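Per-entry structural report
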Amino acid sequence: MMFKPQTVAVLGATGSIGQNTLNVIAQHPERFTVFALSGHSNMVQLAADIIRFKPRCAVVPDAARYRQLLELLPDQKCSVLIGEQALVEIASAPEVDTVMAAIVGAAGLKSSLAAAHAGKKLLLANKESMVVAGALLMDAVATSQAVLLPIDSEHNAIFQCLPADQSQIGVESILLTASGGPFRNTPMAQMFDVTPEQAIAHPTWSMGRKISVDSASLMNKGLELIEACWLFNVSPEKIEVVVHPQSVIHSMVRYVDGSVLAQMGSPDMRTPISYGLAYPDRMTSGSEPLAFSQLLQLNFDRPDRARFPCLRLAEEAMAEGGTVPAVLNAANEMSVAAFLNLEIGFMDIPRINEQVMTRLGRGAVESIDQLLEVDRAARAQAAVQIQALR
């Protein structure tokens with residue numbers, strides 16, 4: 001079959017999702033052309049990817065990394081751009097068909113919105129964009145008729161299990177699965193002594209450090225719950241979080257007739273990435289096929305909200321609505337960074353998140369600039385709370 005090659009911009013190319021995206025693209029050179037790559041700190045990896053995929057341009061965060069990248073690319077013709085505005089311009093460039101939004105944290109918000117406003121095929125792996133600005137992002141998608149495809153394995157699974165038109169006809173609830181992370185069975189008394197090395201040692205998925213800590217605290221699942229509410233236009237009450245340690249069933253949809261549709265597969269992010277890149281078709285991803293003969297059992301349990309208060313905080317933030325999810329996300333990014341820097345303990349993460357949510361009130365979402373100001377205020381308040389614990 002002949003395909004018109006898609007031009008792809010991979011924002012966050014040096015991270016786990018970005019690298020898996022480039023892995024899938026490399027398997028299908030006849031279908032995809034890399035137009036642009038962005039990286040934040042790993043200039044060695046970004047340079048290697050530029051040499052391999054020959055994008056027209058690349059984006060780095062500052063002048064220091066600009067100089068570092070140019071030293072690594074003496075003979076390349078790639079145009080190197082600097083800063084957040086360059087990401088926005090790339091995401092909305094007329095030459096770009098598909099944008100992989102894989103920048104971690106609120107830093108990816110403006111470029112994700114730019115891709116939506118420009119009517120791109122937006123592969124959203126940056127859940128914080130939806131958590132912080134779900135209303136604005138979904139409005140932009142509807143207005144521009146962009147195609148928004150979730151890349152998180154859970155949301156991608158839900159997308160596949162819903163009716164083809166993505167309606168809620170006949171849907172009773174959404175079952176959002178969680179591995180439970182590395183501390184699912186850890187005695188509560190030991191949770192206060194958890195180290196960053198223990199927190200990032202995820203039992204089934206290979207992820208970046210920040211996302212791994214979020215998975216360990218179940219904040220990742222809380223953020224995914226908020227994202228699911230916006231993506232699928234459902235209230236938090238219609239989403240049930242289910243702990244499934246094997247990470248084989250990525251999520252499920254329960255229908256009113258008693259049917260439950262589940263999407264299954266090996267825990268490999270190349271599967272949802274390839275689905276998003278090829279949509280509405282399918283193509284090989286490089287993922288190992290699921291070996292049913294080796295699946296001895298599939299376990300399910302309810303999450304322990306006393307052990308993992310971050311999940312409760314996310315549910316409360318979505319129920320409150322407005323700017324509260326943005327506050328929670330900013331506080332969490334700060335507290336996780338402090339934990340990874342050995343400034344606070346693991347169980348201080350939910351404590352700081354809750355304190356910041358309590359101190360910053362709720363407001364209606366008005367604009368991206370307002371949300372960025374809320375983000376700044378929440379980070380400042382989180383810094384105060386972190387300093388008090390040092």
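Everything numeric in this text was worked out from a predicted model, so none of it was measured. (Residues numbered from 1 in each chain as written. Predicted model: local features only at pLDDT ≥ 70, side-chain atom pairs only at ≥ 80, totals over all residues. Heavy atoms only, no water.)

**Details of the overall build of the chain**
For the chain, the helix and strand inventory stands at 15 helices and 11 strands. In terms of overall size, the chain behaves like a compact globule, its C-alpha atoms giving a radius of gyration of 20 Å where 390 residues would be expected to give roughly 21 Å. Considered along the principal axes of its C-alpha atoms, the chain spans approximately 55 × 50 × 40 Å. Put simply, 68% of the contacts in the chain that link residues at least 6 apart link residues at least 24 apart. Counting only carbon and sulfur atoms, one obtains 52% of the accessible surface of the chain, whose full area is about 16,700 Å². (Helix = DSSP H or I, 4+ residues; strand = E, 2+ residues; numbered from the N terminus. Rg over C-alpha atoms; globule rule 2.2 N^0.38 Å. Contact = heavy atoms within 4.5 Å. Areas by Shrake-Rupley, 256 points an atom, 1.4 Å probe, with all protein chains shown as cover.)

**With respect to the sheet that holds strand E6 (residues 121-124)**
Read from one edge to the other, the open sheet built from 7 strands follows the order E4-E3-E2-E1-E5-E6-E7, with strand pairing classed as parallel. Looking at the sheet topology across the chains shown, the edges are occupied by strand E4 (79-82) and strand E7 (147-150). Strand-to-strand twist across the sheet, computed as the mean angle between neighbouring axes with direction ignored, equals 20°. Of the pairings in the sheet, the one linking strand E1 (residues 6-11) to strand E2 (residues 32-38) comprises 5 bridges and is parallel in character. (Pairing = 2+ DSSP bridges. Axes fitted to C-alpha atoms, helices over the stretch in contact; angles between N-to-C directions.)

**A few points about helix H7 (residues 153-161)**
With 8 of 9 residues buried, H7 lies mostly within the body of the structure. Close packing links the buried residues of H7 with E7, strand E8 (171-178), helix H10 (219-232), strand E10 (249-255), strand E11 (260-264) and helix H11 (270-278). (Buried < 20%, exposed > 50% of the residue type's maximum accessible area, 1.4 Å probe, protein only.)

**Some remarks on the sheet that holds E11**
Sheets are built from strands that pair by backbone hydrogen bonding, the pairs being arranged parallel or antiparallel. With mixed pairing, the 4 strands of this open sheet are ordered in space as E9-E8-E10-E11. Edge positions in the sheet fall to strand E9 (239-243) and E11, since each of these pairs with one other strand and no more. Recorded for the sheet is a direction-independent mean angle of 20° between the axes of neighbouring strands. Strand direction decides the pairing type here: E10 and E11, joined by 5 bridges, are antiparallel.

**Overview of the nonpolar core**
Ile 25, Leu 69, Met 100, Phe 232, Leu 277 and Phe 346 are the most contacted members of the largest nonpolar core, which totals 123 residues. The element best represented in this core is helix H13 (residues 324-340), accounting for 10 residues. What Ile 25 contacts, discounting residues up to four positions off in sequence, is Val 8, Val 10, Phe 32, Val 34, Phe 53 and Leu 277. (Core = buried A, V, L, I, M, F, W, Y, C linked by side-chain atoms within 4.5 Å.)

**Points about the packing of aromatic side chains**
Taken as a whole and assessed by the stated rule, the structure comprises 5 aromatic pairs. Seen from their ring centres, Phe 159 and Tyr 275 are 6.4 Å apart, and the 70° between their planes marks the pair as edge-to-face. You can see Phe 159 sitting in helix H7 and its partner Tyr 275 sitting in helix H11, a full 116 residues away along the chain. Take Tyr 275: its relative accessible area is 11%, and that puts it in the buried class. (Phe/Tyr/Trp six-rings, centres within 6.5 Å; stacked < 30°, edge-to-face > 60°.)

**Examining the state of the cysteines**
Throughout the structure, instances matching the rule amount to 0 disulfides. Not engaged in a disulfide, the cysteine Cys 161 finds its nearest cysteine sulfur in Cys 229; these two sulfurs lie 17 Å apart. (Disulfide = S-S within 2.5 Å.)

**Thoughts on the packing of helix H5 (residues 109-117) against helix H6 (residues 127-144)**
Their axes nearest at 8 Å, the elements H5 and H6 cross at an angle of 15°. Between H5 and H6, the interaxial angle falls into the category roughly parallel. For H5 against H6, the interelement crossing comes out right-handed. Taking contact as the criterion, the partners of Leu 109, Ser 112, Leu 113, Ala 116 and His 117 in H5 are, on H6, Ser 129, Val 132, Ala 133, Leu 136, Leu 137, Ala 140, Val 141 and Ser 144. Residue classes in the contact of H5 with H6 are distributed as 9 nonpolar, 4 polar and no charged. (Parallel < 35°, antiparallel > 145°, perpendicular 65-115°, else oblique. Left-handed = near helix turned anticlockwise from the far one by under 90°. Nonpolar A, V, L, I, M, F, W, Y, C, P; charged D, E, K, R; others polar.)

**Quick look at the side chain of Ser 285**
Residue position: Ser 285 is located in the loop between H11 and helix H12 (309-320). For Ser 285, a relative accessible area of 9% gives the class buried. Among the polar contacts listed, one links the side chain of Ser 285 to the backbone nitrogen of Ser 287, at a separation of 3.1 Å. For Ser 285, the contacting residues outside a window of four places in its chain are Asn 23, Val 24, Gln 27, Arg 270, Thr 271 and Ser 274. (Polar contact = N/O pair within 3.5 Å; in protein donor to acceptor, adjacent residues only side chain to side chain.)

**Looking at the packing of helix H9 (residues 209-217) against H10**
Each packed pair of helices is defined by two parameters, the angle between the axes and the distance between the axes. Put simply, H9 and H10 touch, their axes get as near as 5 Å, and they point 90° apart. With respect to their mutual orientation, H9 and H10 come out roughly perpendicular. Across the interface between the two elements, Lys 210, Ile 211, Asp 214, Ser 215 and Ser 217 from H9 touch Met 219, Asn 220 and Leu 223 from H10. Split by residue class, the contact of H9 with H10 holds 3 nonpolar, 3 polar and 2 charged.

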